[in-house]
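Structural characterization, general
What follows is the residue order along each chain.
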2 protein chains.
Amino acid sequence: MSPRRRATQVDIARAAGVSQATVSLVISGGHGSEQVAEHTRTAVLDAATRLGYSVNTAARSLKGGRNHILGLYTFESVFPTDQRDFYYPFLLGVERATAEVGYDLLLFSSVTPGPRRIYSDGINRLKVADGCVLLGRQVDHADLAELVRDDFPFVFVGRRELPGVELSYVAPDYGTATRDLVLRLTGLGHRRLAYLRPDDDQEPTRDREAGFRAGVADAGLPDQPVHVLPVGSSPPVDQVLDLLSGPLTMLLTTWRADGVTALLVDPGENDRTIAALEQVAVRAGVRIPADLSVVLLGEPSPPLSARGADAELVSTRDWTRFTLPREGLGRAAVHLLLDLLDDGPARQLTVPCLPVEGDTVCPPPVGAGA
Amino acid sequence: MSPRRRATQVDIARAAGVSQATVSLVISGGHGSEQVAEHTRTAVLDAATRLGYSVNTAARSLKGGRNHILGLYTFESVFPTDQRDFYYPFLLGVERATAEVGYDLLLFSSVTPGPRRIYSDGINRLKVADGCVLLGRQVDHADLAELVRDDFPFVFVGRRELPGVELSYVAPDYGTATRDLVLRLTGLGHRRLAYLRPDDDQEPTRDREAGFRAGVADAGLPDQPVHVLPVGSSPPVDQVLDLLSGPLTMLLTTWRADGVTALLVDPGENDRTIAALEQVAVRAGVRIPADLSVVLLGEPSPPLSARGADAELVSTRDWTRFTLPREGLGRAAVHLLLDLLDDGPARQLTVPCLPVEGDTVCPPPVGAGA
DNA sequence: CTGAAAGCGCTTACAG
DNA sequence: CTGAAAGCGCTTACAG
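The rules behind these values
- Residues numbered from 1 in each chain as written.
- Chains lettered and ligands numbered in written order.
- Predicted model: local features only at pLDDT ≥ 70, side-chain atom pairs only at ≥ 80, totals over all residues.
- Heavy atoms only, no water.
- Near = heavy atom within 4 Å.
- Polar contact = N/O pair within 3.5 Å; in protein donor to acceptor, adjacent residues only side chain to side chain.
- Pairing = 2+ DSSP bridges.
- Helix = DSSP H or I, 4+ residues; strand = E, 2+ residues; numbered from the N terminus.
- Axes fitted to C-alpha atoms, helices over the stretch in contact; angles between N-to-C directions.
- Nonpolar A, V, L, I, M, F, W, Y, C, P; charged D, E, K, R; others polar.
- Phe/Tyr/Trp six-rings, centres within 6.5 Å; stacked < 30°, edge-to-face > 60°.
- Buried < 20%, exposed > 50% of the residue type's maximum accessible area, 1.4 Å probe, protein only.
- Lys NZ or Arg CZ within 6 Å of the ring centre and 35° of its normal.
- Salt bridge = Lys/Arg side-chain N within 4 Å of Asp/Glu carboxyl O.
- Expected span 1.5 Å × (residues − 1).
- Contact = heavy atoms within 4.5 Å.

**Observations concerning the protein's contact with DNA strand C**
The full set close to DNA strand C counts 25 residues, and Gln20, Ser24 and Tyr53 of chain A together with Thr40 and Lys63 of chain B are the nearest of them. When the atoms of DNA strand C within 4 Å of the protein are sorted by group, sugar and phosphate make up 61%. One of the side-chain nitrogen or oxygen atoms of Thr22 of chain B is found 2.8 Å away from a phosphate oxygen of DNA strand C. In this structure, Thr40 of chain B approaches DNA strand C through a side-chain N or O atom, which is 2.5 Å from a phosphate oxygen.

As structure tokens, this is what we get:
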């Protein structure tokens, strides 16, 4: 119980009869270590063991050295649990990859009131870590700009753009995944496709639409109609059906008149469009997929939060779709971050999405199409 | 893209026309801050904002200040996933509590070959954190002793003892939970109980047995038989049934002859005893609970890892039992750790276990008992 | 109320 | 191959 000070390199130096600088060379390993005589090395290491030495990482990182800590910052609170469930695969990927490369992981989860900001109180907590993986939708752009200005290494999960700066990120390859689904449909014989997307201007929305156009072109078809749902990405849950059923019913009529046999739906974020579409189709007597093949460009709303008034707007169909490789994205982010730490250039990686077979696609009805 | 150095307190001092020490007083808040003239304060804060200042936490913690980081160290690897599933509730509790108290959480998950040790290379990584929550069974006692010697604040999840030292831990209250189950059984009319425990000398095993004896005494019954299963806590899975069925069959016969109507089983760690007992009982024509009420003092083996040869040794019955408040233990550990950081004394907390109703208990058969 | 100064424990050129 | 020295950015007595 002696309140003995922790041993420092000075203590070791004294015990081993060398200078503190030499101790540092031995302890920190790396290049310097090789230039120390073997017997000196041994003496230092012995003394270190004897004294129960352990580096002070604060001092080390103060000198600009590495901490061997990666950070994970989430712009949205990771709690409560249903959010947590969404983020969990990302975390898992980040955790595993971090452990595999021999780093520890610092979860920046300390709660601050209001929207989460990196630089609260002008304090950038992230810098305890050597670099950081960033996650979340409601990104504070001022924070991001500040991080760039500070030259702090970070990698975003999901495509993010900042004018005039090249950010590093890993993002799902929505474009290719969407194009592949188009080709699957045309391969089944569909010749009239329609495309439905939310009314926002986010990167994922644009990427998917570009994939749709690419697929249509690859299939040798003329341009196909794209419809923007005249509703924001995330209307209040209890109003979604009211807001959507009118437009969707109208669209369904239009498509039928146009001979459309297949539909691709970009679900947007946290969206209930696909559930609403399912209900509207039932009412309109449109069978999926017999009359209309439907493909979902992402995940349906999670059934987890299905309760109360919301429960009716959860789809239980097994949509033909693709899913995000969330764990893979987390892993890829870590590896990209490591490159950055080794002074690699800023890079943008895409990771393939995973196709899900589902049962909402079949050949077009006989006699349909051009 | 100017490689501008991050602003330091010196820069602020220059900009605000004060000394760096004054900047420190203002920035670090606390007592000092109040003794600085209001206009000086303002000037410093303005300059700090203008320069985009953020404290260097490494420097701060080098001076012995707090990092506002708590660590979580697991002696066993948290991966692969089935282990992860076991530990997940602990992690969740630790994470939530840590976030709630305004700290960040450092997961010490960096992989080292061999059994996990804190002091690999004589380096104690834990000290980046202000304090640490420790988790896991295969504890390295040398590590623990070293931590104590270093006066590093830590809290164990689960009862741990180190000769001559008072460790801090939070542990499930096995004793009370077991006693309560005894009283439940005697309340139903049982008068002859038997107790079955694994052949180890661990704290949880002793705590439960003590709870059994206490319950028996509280119920006003004479001492009841305790049987030690002549098999280690975790025999190889493919041999468990062979090893257990003989002894269990014999015990079953003994109990029947003795008029035992209720059995309490300490499942030990990662144990398959309860599943083996279920099978043996079926073969011996003993119905649970009609002939014999059975209470499980903990969790049955997780059905998650049920595959191959192992599958037959997973019980699917809804045993009357108690479960560990894993999230609660994690939370309690964090709060205890915080007390320690505020120079609180080492403490040992127990957290109640949660009773699970189950359906393996009923009144004794008519005509049975003394 | 503010400043000068020491020092936390390390790493890293730079001499020798 | 080893040592002396500077300095990373802070906090904290201690003077004034």
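Let's pick the thread back up.
**Considerations on the sheet that holds strand S7 (residues 226-228) of chain B**
Residue and element names in this part refer to chain B. Pairing is mixed across the open sheet formed by six strands, whose spatial order is S7-S6-S8-S9-S10-S12. Strand pairing shows two members of the sheet lacking a second neighbour, S7 and strand S12 (354-356), which therefore form its edges. Going across the sheet, the axis of each strand differs from the next one's by a mean of 20°, ignoring polarity. In this structure, strand S8 (residues 262-265) lies alongside strand S9 (residues 293-296), joined through four bridges in parallel fashion. When the sheet's bridge partners are listed, Ala262 is paired in S9 with Ser293.

**Concerning the protein's contact with DNA strand D**
Near DNA strand D you find 24 residues, and of these Thr40 and Lys63 of chain A together with Gln20, Ser24 and Tyr53 of chain B are the closest. Here the atoms of DNA strand D within 4 Å of the protein split so that 63% fall in sugar or phosphate, with bases taking the remainder. In this structure, Ser19 of chain A approaches DNA strand D through a main-chain N or O atom, which is 2.8 Å from a phosphate oxygen. Side-chain polar atom of Thr40 of chain A to a phosphate oxygen of DNA strand D: 2.5 Å apart, as the coordinates give it. Taken together, the residues of the surface near DNA strand D sort by class into ten nonpolar, eleven polar and three charged.

**Topic: the packing of aromatic side chains**
Residues and elements named next belong to chain A. Applying the stated criterion across every chain yields a total of four aromatic pairs over all chains. Ring centres of Tyr174 and Phe322 lie 6.3 Å apart, and the angle between their planes is 50°; this geometry places the pair in the tilted category. Of the two residues, Tyr174 is situated in helix H8 (residues 174-187) and Phe322 in strand S10 (residues 320-323); the sequence distance between them amounts to 148 residues. Summarising the burial analysis for this pair, Tyr174 and Phe322 share the class buried. The side chain of Arg208 reaches across the aromatic face of Tyr174, ending 4.1 Å from its centre. Over the aromatic face of Trp319 sits the side chain of Arg317, whose NZ or CZ is 5.8 Å from the ring centroid.

**A few points about the pattern of salt bridges**
Counted under the stated rule, the structure contains 36 salt bridges over all chains. The residue Arg331 of chain A makes a salt bridge to Glu100 of chain A at a minimum N-O spacing of 2.6 Å. In this pair, Arg331 of chain A sits in helix H12 (residues 326-341) while Glu100 of chain A sits in helix H6 (residues 81-100), placing the two residues 231 residues apart along the sequence. Residue Asp339 of chain B is joined to Arg347 of chain B by a salt bridge in which the shortest nitrogen-to-oxygen separation is 2.3 Å. Residue Arg347 of chain B is classed as partly exposed on the basis of its relative accessible area of 30%.

**Points about unusual backbone geometry**
Cis geometry marks the peptide bond from Ile288 of chain A to Pro289 of chain A, where omega comes out at 5°. Relative to the helices and strands, Pro289 of chain A is located in the loop between helix H11 (273-284) and strand S9 (293-296).

**Thoughts on helix H8 (residues 174-187) of chain B**
All names here are of chain B. Compared with the 20 Å implied by 1.5 Å per residue over 14 residues, the 20 Å span of H8 between its first and last C-alpha is a close match. Among the residues of H8, Tyr174, Gly175, Ala177, Thr178, Leu181, Val182, Leu185 and Thr186 are the ones counted as buried. Packed against the buried residues of H8 are strand S5 (169-172), strand S6 (193-197), helix H9 (203-218), S8, S9 and strand S10 (320-323). Following H8 by one or two positions, Gly189 has its phi on the positive side, about 115°.

**Overview of the pairing of strand S3 (residues 131-135) of chain B**
Each regular strand displays side chains that alternate between the two surfaces of the sheet. Residue and element names in this part refer to chain B. Within S3, five of the five residues are buried, leaving the element largely enclosed by the surrounding structure. Side chains of S3 alternate between two faces, with Gly131, Val133 and Leu135 and Cys132 and Leu134 buried alike. Summarising the sheet, strand S1 (residues 69-74) and S3 pair through five bridges and their orientation is parallel. Following the sheet pairing, Thr74 is matched in S3 by Leu135. Relative to strand S4 (residues 154-157), S3 runs parallel, the two being bridged by three bridges. Paired with Leu134 across the two strands is Phe156, which belongs to S4.

**Looking at H12 of chain A**
Residues and elements named next belong to chain A. In a regular helix each residue adds 1.5 Å, so 16 residues correspond to 22 Å; H12 covers 23 Å between its end C-alpha atoms and thus fits that length. Of all the residues in H12, the buried ones are Leu329, Gly330, Ala332, Ala333, Val334, Leu336, Leu337, Leu338, Leu340 and Leu341. Looking at the residues trailing H12, positive phi occurs at Asp343, about 65°.

**Overview of the environment of Leu277 of chain B**
Tracing the sequence through the fold places Leu277 of chain B in helix H11 (residues 273-284). Considered as a pair, Leu277 of chain B and Leu252 of chain B are 25 residues apart in the sequence and their alpha carbons are 9.1 Å apart.

None of the figures reported here should be taken as evidence of function without further support.
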